[in-house]
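Listed below are the residues making up each chain.
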Amino acid sequence: MISELTEITEPPEAASFRGWIFYDDSCGSCRNLALWFENFFAPRGFHFEPLQREWVRQRLSLTEEQALEEMRVLTRTGEVFGGADAVILLARQIWWALPLAWLARLPPVQAMLHRLYRWVAAHRTCAIKGPAAPSFISRTRWCALAILPLVTLATKPFLPPWGFMWLMAFALFLGCKWLTLGTALRREGAASPFRALAYLLASPGMEATRFLSSELAPRCSRSTTRRNTVTALIRILLGSFLLFGVARHAVEPLLAGWIGMVGMVLLLHFGFFHLLSVGWRALRVDAPPIMNAPLRSTSVSEFWGQRWNAAFNDLALRLVFRPAARRWGMAGGTLLAFLVSGLVHELVISLPAAACYGFPSAYFLGQGIGVLTERSSAGKRLGLRAGVRGWMFTIFVVAGPAYWLFHPPFVMQVILPFMQAIGAL
């Protein structure tokens, strides 16, 4: 019987055929994942089939209930891998996923992956839909942003300044994520549980509606994915070199702290976060990078609105600028949006350092004034929004007063101790 099934189901291009990937076709999340991953594994000789097929259950010797417990991979040689083991096997087939396969050789990591897979499989549904889940998330969408920073404030006496800084940054990030997720569910009413969890914990952006969309994003070519991955890895290496290599040789502590901060931004925002974006876009999920060549900006508004940290800018645009602009006009909305940004940075810069309160707010108000200046009639006559003049004005406004944003107490009392804690100094 098995030989007959092999003759019926094995593709004719047997030379390149490597196996089957079986998935639950009744689950929308699983079906979408199969469509995404088919881009990678079909060219590598793997063919996708629903677990509901009769020949699949016979081939695997499983009942209908057993077949739908987890995804499975059947290799051409007859080996069967299920659940996390199947994920690890498939990770070995893609060069940029090899680190996961290597880490999975460690028993603690392998055990964690198995527990994580079992949890996701137990909680998967076709979508978070119906009144209960969206109602809870949408009704509590402001709660995380209001509560998490307050809870973090209570930990300040017990944490080193750098630990409080990172905890506050994470509290604000997760609070904004929960807010945007709740807003998206309120509008759309449904989302894949896997995608919602991935948006909360593994997506650097704040465009929840785009990330949760069931429509496939435009396909990225393998050459583009490879080029963007290499670019992100180079930035990670460069950031690590600045942080762990160059900074320790600086003649002044303040200079060492600035070099370390540049290394951290390259490592995280331009490197790791960009790598996450590359991975999601390769899976045809709409997750654009949060950094977009900021040094090419030819205006202050382009720098903050399109090229630097798009995650926070998108949120500030929707929640602060547009409502304020409708009430107080363009100038009022612009200044308020930058003031809110300054207050957020007070929480993660001045508060951990316990010094120079108001400096970050003054810096961002200066950015708002710079935007209004370049949009004024005088700014237009001087050409402050394009070309070399625009680029020079942008550098002057953005980089000139950066001393106010990352002031010396923050560098000396937060950044340098953190660098010492991680062995960078």
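In what follows, the structure referred to is the one given above.
Not measured: the values here are computed from a predicted model.

Scoring rules and cut-offs
Residues numbered from 1 in each chain as written. Predicted model: local features only at pLDDT ≥ 70, side-chain atom pairs only at ≥ 80, totals over all residues. Heavy atoms only, no water. Pairing = 2+ DSSP bridges. Helix = DSSP H or I, 4+ residues; strand = E, 2+ residues; numbered from the N terminus. Axes fitted to C-alpha atoms, helices over the stretch in contact; angles between N-to-C directions. Contact = heavy atoms within 4.5 Å. Polar contact = N/O pair within 3.5 Å; in protein donor to acceptor, adjacent residues only side chain to side chain. Parallel < 35°, antiparallel > 145°, perpendicular 65-115°, else oblique. Left-handed = near helix turned anticlockwise from the far one by under 90°. Nonpolar A, V, L, I, M, F, W, Y, C, P; charged D, E, K, R; others polar. Buried < 20%, exposed > 50% of the residue type's maximum accessible area, 1.4 Å probe, protein only. Phe/Tyr/Trp six-rings, centres within 6.5 Å; stacked < 30°, edge-to-face > 60°.

A. Molecular detail of the sheet that holds strand β3 (residues 72–75). If you walk across this open sheet you meet the 4 strands as β2-β1-β3-β4, and the pairing is mixed. Strands at the two margins of the open sheet, each flanked by one partner only, are β2 (46–50) and β4 (80–82). Averaged over all adjacent pairs, the angle separating strand axes in this sheet is 20°, with direction ignored. Where strand β1 (residues 19–23) and β3 come together, 4 bridges link them in antiparallel fashion.

B. Spotlight on the environment of Tyr199. Topologically, Tyr199 is positioned in helix α11 (residues 193–202). Separated by 13 residues in the primary sequence, Tyr199 and Leu212 place their C-alpha atoms 7.7 Å from one another. With near-sequence residues (within four places) excluded, Tyr199 lies in contact with Lys177, Thr180, Leu181, Gly205, Met206, Glu207, Ala208, Phe211 and Leu212. In this structure the side chain of Tyr199 is engaged in a polar contact, spanning 2.4 Å, whose partner is the side chain of Thr180.

C. Structural detail: the packing of helix α13 (residues 222–246) against helix α14 (residues 253–282). Where α13 contacts α14, the axes come no closer than 8 Å and their chain directions differ by 160°. The pairing of α13 with α14 is recorded here as roughly antiparallel in orientation. At the point where α13 passes α14, the crossing takes the left-handed sense. Along the lines of polarity and charge, the residues of the contact of α13 with α14 split into 17 nonpolar, 9 polar and 2 charged.

D. Highlighting the pairing of β1. Of all 5 residues in β1, 5 are buried; the element is thus mostly enclosed. Both faces of β1 are covered, namely the face carrying Gly19, Ile21 and Tyr23 and the face carrying Trp20 and Phe22. Here 5 bridges tie β1 to β2, and the two strands are oriented parallel to one another. Paired with Trp20 across the strands is His47, a residue of β2.

E. Just the environment of Leu343, in detail. You can see Leu343 is positioned in helix α16 (residues 310–353). Take Leu343: its relative accessible area is 47%, and that puts it in the partly exposed class. Taking C-alpha positions, Leu343 is 9.0 Å from Phe364, a pair spaced 21 residues apart along the chain.

F. Main features of the packing of aromatic side chains. Evaluation of the coordinates by the stated rule reveals 19 aromatic pairs. Ring centres 4.9 Å apart and planes at 85° place the aromatic pair Phe303 and Trp304 in the edge-to-face group. When its relative accessible area of 10% is taken as the criterion, Trp304 is described as buried. The rings of Phe270, Phe303, Trp304, Trp308, Phe338, Tyr363 and Phe364 are connected pair by pair, giving a single aromatic cluster.

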